[in-house]
Amino acid sequence: MSGEHPMRVVLEQQGPYSFRIDFEGAAFASLRSDEPAPLGSGEGPNPSELLLASIANCLSASLLFALRKYKNAPGPIRAEISASTERNAQGRLRIPRAKVTIRLAEPAASLERFDRALAQFEQFCTVTQSVRDGIEVEVEVIDGDGVAHRTGVDQ
């Protein structure tokens, strides 16, 4: 894959459904993810929680960027995201919608060009817009003999 800012994340299984997640080139420690019981032991956030955290984090950073672009110095913000899983037509769990609430430390009236920042900040959020647009995911499984096997979505 090529791109403007290539990223690589490596996961290694540590338990039945637990993975160590390493962010290539990062100066911080790896992260652990795990499924809740009864599948896993809940020793870290599960993939759905990581997705929600990514959406809320990206929107928060994008709002800060948009506000600062207009020379504001906003105080600390707090973001919350909530969602539920639902079964699709094939009976598989999906997250059909999420709600994000971002709380600012100051009143909107005290921020320069707040309406303009509010109108554009979501467009700065790579994660949310990628989820909304749908991310094309190519999957390849390489077996123990090194043979590559391509998969299709929802086979």
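Up top is the structure these notes are about.
Procedures and definitions
Residues numbered from 1 in each chain as written. Predicted model: local features only at pLDDT ≥ 70, side-chain atom pairs only at ≥ 80, totals over all residues. Heavy atoms only, no water. Core = buried A, V, L, I, M, F, W, Y, C linked by side-chain atoms within 4.5 Å. Buried < 20%, exposed > 50% of the residue type's maximum accessible area, 1.4 Å probe, protein only. Helix = DSSP H or I, 4+ residues; strand = E, 2+ residues; numbered from the N terminus. Phe/Tyr/Trp six-rings, centres within 6.5 Å; stacked < 30°, edge-to-face > 60°. Pairing = 2+ DSSP bridges. Axes fitted to C-alpha atoms, helices over the stretch in contact; angles between N-to-C directions.

A. Local environment of the nonpolar core. Membership of the largest hydrophobic core is limited to 12 residues, which are Ile 55, Cys 58, Leu 59, Leu 63, Ala 66, Leu 67, Tyr 70, Leu 111, Phe 114, Ala 117, Phe 121 and Cys 125. Secondary structure elements with two or more residues in this core: helix H1 (47-69) and helix H2 (114-120). Counting residues per element, this core draws most heavily on H1, at six residues.

B. Representation of the packing of aromatic side chains in the model. Counted according to the given criterion, the structure contains two aromatic pairs. An angle of 85 degrees between the planes, with centres 5.1 Å apart, marks the rings of Phe 65 and Phe 124 as edge-to-face. Residue Phe 65 is located in helix H1, and its partner Phe 124 is located in the loop between H2 and helix H3 (126-133); the two are separated by 59 residues in the primary sequence. Classification of Phe 124 as partly exposed rests on a relative accessible area of 32%.

C. Spatial organisation of the pairing of strand S2 (residues 19-23). Strand direction decides the pairing type here: strand S1 (residues 9-13) and S2, joined by five bridges, are antiparallel. Its bridge partner being in S2, Gln 13 is matched across the sheet by Phe 19. In sequence, S1 turns back onto S2 through a hairpin of five residues. Of the strand pairs in this sheet, S2 and strand S3 (residues 31-33) are connected by three bridges, and their pairing is antiparallel. Following the sheet pairing, Ile 21 is matched in S3 by Leu 31.

D. Summary view of the sheet that holds S1. Across the sheet, which stays open at both edges, the three strands sit in the order S1-S2-S3 with antiparallel pairing between neighbours. The two strands at the open ends of the sheet, each matched to only one other strand, are S1 and S3. In this sheet, neighbouring strand axes are inclined to one another by 30 degrees on average, regardless of whether the strands run parallel or antiparallel.

From the geometry alone we can't say anything about function, so treat these as descriptive.
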